[in-house]
Amino acid sequence: MGGLKERSVAAILPAAGSGQRFGDSKNKLFSSLNGDPLWVHSVRRLAMRAEIGRLILAVSEHDLGDFQEQASSVSLPLPVEFVIGGAERMDSVQRALDQIDTEGQQSWVAVHDAARPLVSADDLDKVFLAVQQTGAAILATPVSGTLKRELGGGLGSETVDREGIWMALTPQVFRVGLLKQAYAKHNGRPATDDAQLVERLGHAVQLVKGSAENLKITFPEDLSIAEAILNRK
Ligand code: C5P
């Protein structure tokens with residue numbers, strides 16, 4: 001089987017977070033990475049793909065002007081569409097998803113954190129190939145460290161078996177109809193990624209082994225790591 005059809009994927013990039021852990025007054029996504037705003041790297045890596053037909057960024061009302069200004073000064077193969085995000089990441093994705101018609105040209109949706117600027121072309125190839133067979137596939141990486149659970153009450157910790165434990169990455173790719181169905185059943189129950197909502201439907205989500213270098217910029221020091229990875233390549 002070849003890859004996904006040209007322009008058949010709508011990319012959703014949640015970018016409406018406050019980035020409190022980053023500790024800067026401005027959105028961490030505006031931080032410079034090799035001279036471009038961090039979010040531009042994430043968008044560009046998707047925009048360069050023939051499979052991508054739409055790019056929808058969910059941003060906060062406060063940041064919209066800055067995003068629009070930065071978008072106008074970079075050249076991208078596709079226009080960036082903006083929607084106003086919500087209080088939680090899931091709300092932001094929902095609002096972007098509302099812009100996608102189930103019967104439209106895009107039958108797939110790829111949700112990708114705007115804070116992951118390093119996703120590789122190889123990993124995109126793999127997850128786009130896998131999703132054709134399963135309808136739901138996400139990049140993930142096996143956990144390499146030892147996992148501990150804090151017991152509380154002065155009891156210290158216990159070790160969690162890491163066998164079969166993966167860390168979810170993005171993009172997370174789904175049939176549009178499937179993700180819409182998952183969101184329709186969400187009902188505000190907490191979830192930290194989109195795949196969790198699809199799992200709740202009882203639909204299998206395929207884990208596709210991706211590079212651990214596809215890191216999410218969370219703390220300022222992550223930017224130096226990302227820069228080192230970019231400059232090595
Ligand atoms: O905070 P964290 O880095 O885990 O957020 C992951 C992604 O979700 C970020 O790109 C962030 O901007 C986005 N987000 C969002 N709307 C929110 C919270 C987070 O779009 N309300």
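Above this text you will find the structure in question.
Model, not experiment: these values are computed from the prediction. (Residues numbered from 1 in each chain as written. Predicted model: local features only at pLDDT ≥ 70, side-chain atom pairs only at ≥ 80, totals over all residues. Heavy atoms only, no water.)

Caption draft 1: Main features of the sheet that holds strand S7 (residues 136-142). One open sheet accounts for seven strands, arranged S5-S4-S1-S6-S10-S7-S11; its pairing is mixed. With one partner strand each, in any of the chains shown, strand S5 (80-84) and strand S11 (206-209) form the two edges of the open sheet. Within this sheet the neighbouring strands show an average axis-to-axis angle of 30 degrees, counted without direction. Bridge count between strand S4 (residues 52-59) and S5: five bridges; the pairing is parallel. Note on S5: the bridge partner recorded for Val59 is Ile84. (Pairing = 2+ DSSP bridges. Helix = DSSP H or I, 4+ residues; strand = E, 2+ residues; numbered from the N terminus. Axes fitted to C-alpha atoms, helices over the stretch in contact; angles between N-to-C directions.)

Caption draft 2: Focus on the nonpolar core. If you look at the biggest cluster of nonpolar residues, it comprises 47 residues, and the most contacted ones within it are Trp39, Leu55 and Leu57. The dominant element in this core, judged by the number of residues it contributes, is helix H1 (residues 38-47), at six residues. When sequence neighbours within four positions are dropped, the list of residues in contact with Trp39 reads Leu29, Phe30, Leu57, Phe67, Gln70, Ala71 and Ala114. Among the nonpolar cores identified, the runner-up in size contains 25 residues, and Ala136, Ile138, Phe174 and Ala182 belong to it. (Core = buried A, V, L, I, M, F, W, Y, C linked by side-chain atoms within 4.5 Å. Buried < 20%, exposed > 50% of the residue type's maximum accessible area, 1.4 Å probe, protein only. Contact = heavy atoms within 4.5 Å.)

Caption draft 3: Here's a closer look at the pairing of S4. Taking burial as the measure, the eight residues of S4 include eight buried ones, the bulk of the element. Of the strand pairs in this sheet, strand S1 (residues 9-14) and S4 are connected by six bridges, and their pairing is parallel. Its bridge partner lying in S4, Ala11 is registered against Leu55. Following the backbone out of S4, through helix H2 (residues 64-72) and into the adjacent parallel S5, one traces a crossover that is right-handed. (Right-handed = clockwise from strand over helix to strand, strands pointing away.)

Caption draft 4: Region of the structure containing the site of the ligand. What surrounds the ligand is a group of 16 residues, the closest being Pro14, Ala16, Gly17, Ser92 and Lys216. One nitrogen or oxygen atom from the main chain of Gly17 is found 2.9 Å from an oxygen atom belonging to the ligand. At 2.9 Å from a nitrogen atom of the ligand is found a main-chain nitrogen or oxygen belonging to Gly86. A total of 460 Å² of accessible area belongs to the ligand in isolation, and the protein chains cover 85% of it. For the shell around the ligand, the class distribution of residues is seven nonpolar, three polar and six charged. (Near = heavy atom within 4 Å. Polar contact = N/O pair within 3.5 Å; in protein donor to acceptor, adjacent residues only side chain to side chain. Areas by Shrake-Rupley, 256 points an atom, 1.4 Å probe, with all protein chains shown as cover. Nonpolar A, V, L, I, M, F, W, Y, C, P; charged D, E, K, R; others polar.)

Caption draft 5: Seen up close, helix H3 (residues 89-97). All buried positions along H3 are accounted for by Met90, Ser92, Val93, Ala96 and Leu97. Along the long axis of H3, the arc covered by the buried residues comes to 160 degrees, so they all point the same way. Looking at the buried side of H3, the elements it contacts are S1, S4, S5, strand S6 (108-111), helix H5 (176-184) and helix H6 (194-200). (Arc of directions from axis to C-beta.)

Caption draft 6: Here's a closer look at the side chain of Lys28. Here Lys28 lies in the loop between S1 and strand S2 (32-33). Asp222 provides the closest opposite charge to the buried, salt-bridge-free Lys28, at an N-O distance of 7.2 Å. In contact with Lys28, other than residues within four places in its own chain, are Phe22, Leu38, Ala115, Ile217 and Thr218. (Lys, Arg positive; Asp, Glu negative; His and termini not counted. Salt bridge = Lys/Arg side-chain N within 4 Å of Asp/Glu carboxyl O.)

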